[in-house]
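Take a look at the letters that make up each chain.
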Amino acid sequence: MKFRYKVLFTNLILLSLGLGLVGYLMIHKNFELAKQTQLKNAIVQNNLVQSSVEYELLQLLNSVSDNSETSNNNTDNNNAEKSSISASSIAAQLPQIGSRVSSSVRSRDSFFYIYFDGEKVYTDDKSDARISDTLFKNLTTGNKNYVIKEESQKHYIYVTSQSVIDEKNLWIVSKCDASEAYTLLDEQINYFRLIIIVILIAESAAMYFISRYMTKPLEKLNHVSEEIAQGDYATRVNVKSHDEIGLLAQKFNIMAQAVSDHVDELNDMVHRREQFVADFTHEIKTPMTSIIGYADTMRSLELPREEQMMALGYIFSEGKRLESMSQKLFELIYLRRHDIKKERVHMADLCAEVVKVVEPAYENRHLTIETEIEDTVLTVNRELLVTALVNLMDNARKASEEGQQVEVTGKIVDNMACNIPKDKTDIGEAESADDRKCTRAYEICIIDHGIGMTKEQAERICDEFYMADKSRARKEGGAGIGMSLVAIILEHHNAVLSVESEPGCGTTMRILLPW
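Structure report, in brief. (Residues numbered from 1 in each chain as written. Predicted model: local features only at pLDDT ≥ 70, side-chain atom pairs only at ≥ 80, totals over all residues. Heavy atoms only, no water.)

Okay, the packing of helix 6 (residues 347-364) against helix 7 (residues 382-399) next. Contact geometry for helix 6 and helix 7: axes closest at 9 Å, N-to-C directions at 40°. Taken together, the axis directions place helix 6 and helix 7 in an arrangement best described as oblique. Handedness of the helix 6/helix 7 crossing: right-handed. Where helix 6 abuts helix 7, its residues M347, D349, L350, E353, V354, V357, V358, A361 and Y362 lie against R382, L385, V386, L389, V390, M393, A396 and R397. For the contact of helix 6 with helix 7, the class distribution of residues is 13 nonpolar, no polar and four charged. (Axes fitted to C-alpha atoms, helices over the stretch in contact; angles between N-to-C directions. Helix = DSSP H or I, 4+ residues; strand = E, 2+ residues; numbered from the N terminus. Parallel < 35°, antiparallel > 145°, perpendicular 65-115°, else oblique. Left-handed = near helix turned anticlockwise from the far one by under 90°. Contact = heavy atoms within 4.5 Å. Nonpolar A, V, L, I, M, F, W, Y, C, P; charged D, E, K, R; others polar.)

It is worth spelling out the sheet that holds strand 5 (residues 168-177) at this point. Here we have five strands laid out as an open sheet, ordered 2-1-5-4-3, and antiparallel in their pairing. Among the strands making up the open sheet, the edge pair consists of strand 2 (119-123) and strand 3 (144-151). Ignoring strand direction, the axes of neighbouring strands in this sheet form an average angle of 25°. Here strand 1 (residues 110-116) pairs with strand 2 via four bridges, running antiparallel. Each residue of the ladder has a partner; that of F116, found in strand 2, is E119. (Pairing = 2+ DSSP bridges.)

Our next topic: a nonpolar patch on the surface. A contiguous nonpolar surface patch, about 580 Å² in accessible area, is contributed by M1, F9, I13, L14 and L17. Its location among the elements puts F9 in helix 1 (residues 3-67). (Patch = residues over 30% accessible without salt bridge, like charges linked within 9 Å, V, L, I, M, F, W, Y side chains within 5 Å. Areas by Shrake-Rupley, 256 points an atom, 1.4 Å probe, with all protein chains shown as cover. Salt bridge = Lys/Arg side-chain N within 4 Å of Asp/Glu carboxyl O.)

Where charged atoms from two side chains of opposite charge come close, those side chains can pair. Tallying each qualifying case throughout the model produces 13 salt bridges. The salt bridge involving D394 is made with K398; its shortest N-O contact spans 3.3 Å. Of this pair, D394 and K398 both sit in helix 7, four residues apart, which is roughly one turn of the helix. In this structure K398 comes out as buried when scored by relative accessible area, which is 14%. Ionic contacts of the salt-bridge type, sharing partners, join the residues D125, K149, E151 and K175 into one network. (Buried < 20%, exposed > 50% of the residue type's maximum accessible area, 1.4 Å probe, protein only.)

This is the structure:
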């Protein structure tokens, strides 16, 4: 079931329960008020009948007293006989009294019964309904009992009152029609049902359109999620509301962008892996072809000593290149999977060690090294940082012509951000200076004046097996892995490498190590 239908049915159920409860309370209250009004009228009617009967009895007793001969010397037997005569005469006169009272006080749809000494002596109700015994239980003078009964599809209120005449109980039972209250109850219930039906129909139509409007953004989210599930990661939700659904849409777009970036990253990783395998295969194939070719020539032909030495030289150089490639690949894989240990190192000593390592190769090319190193102590991995700087110095050597100079500088800078040139290539995934909130760093620059690189070449310089000048690199024994190794070493040190280069003008490699 769709969400908007759930909203619709939920509102209908809650509205029905709410209206039903309110309607029940109001109708019940009105019915109780109407019933109380009918009860008050019945009590008034009972009081009127009771007072009228008592008045008639009083008149009867007074007339009997006037007509009787009295004597101050009467005996107790005579008093008993007189009392007996009075009770029997009262019982005989009550039907006549009831008839007179009925003609004077009786109203439409009201009747009364007279009971004397437990016997019914008069009623003007032709139906002569049976009076419930509960009306006479616990009845005392001055109090009244009442009961509501349904007779012939009508409701009547029976009210009972008690008087004592000559030590005999005189009960007056009035019967009043209370059907008006119950008729009003039925009419209110029927009218309320009609109102409920009309309100629910109108509310259903209104809630349908409202719920459809409110759930429309959710339908958009659902549609976009289906498109993303089918591979369209560029799709986004266009919801401009500022409520919870709008916030959900914003979070959904953020999530979709994160998924898209992650998928792009995975695709790039797969592409890079495939490219790595292809480049690695190519890089191995080239020296292996040379080795196999020269070895086969030496095996098949009788070569002069000079040509044999030349062939062996090629085999040796290509073998050394394969050895260098495998060693750097191993270091690359190891660094990607392991953390490194760091120690406090004097940078002047470290840079001097780097220069000492590369100096023989520089002398063979008649290159000079100019150093200007400011000493400080940093926490680094000495061996790996030396490896990274040796690779950079070796690249500077390969890019330089004979007789040129390579400059190496090291100094403390006050602000990392201002020392990273704009529009230059940043290598590695280290945090920015602002993220680290670092205000000081140690800057190492390796500057050559050789062939240089284009911007596109500089952006790819850290890709595995990428060589800006393949023929020159292979001639110098390069494998295209050195800069990848440099990038990972600097990443472990939270360092940033920037490249400034122009074709024909040389290259500046700038490393910023956090203080």
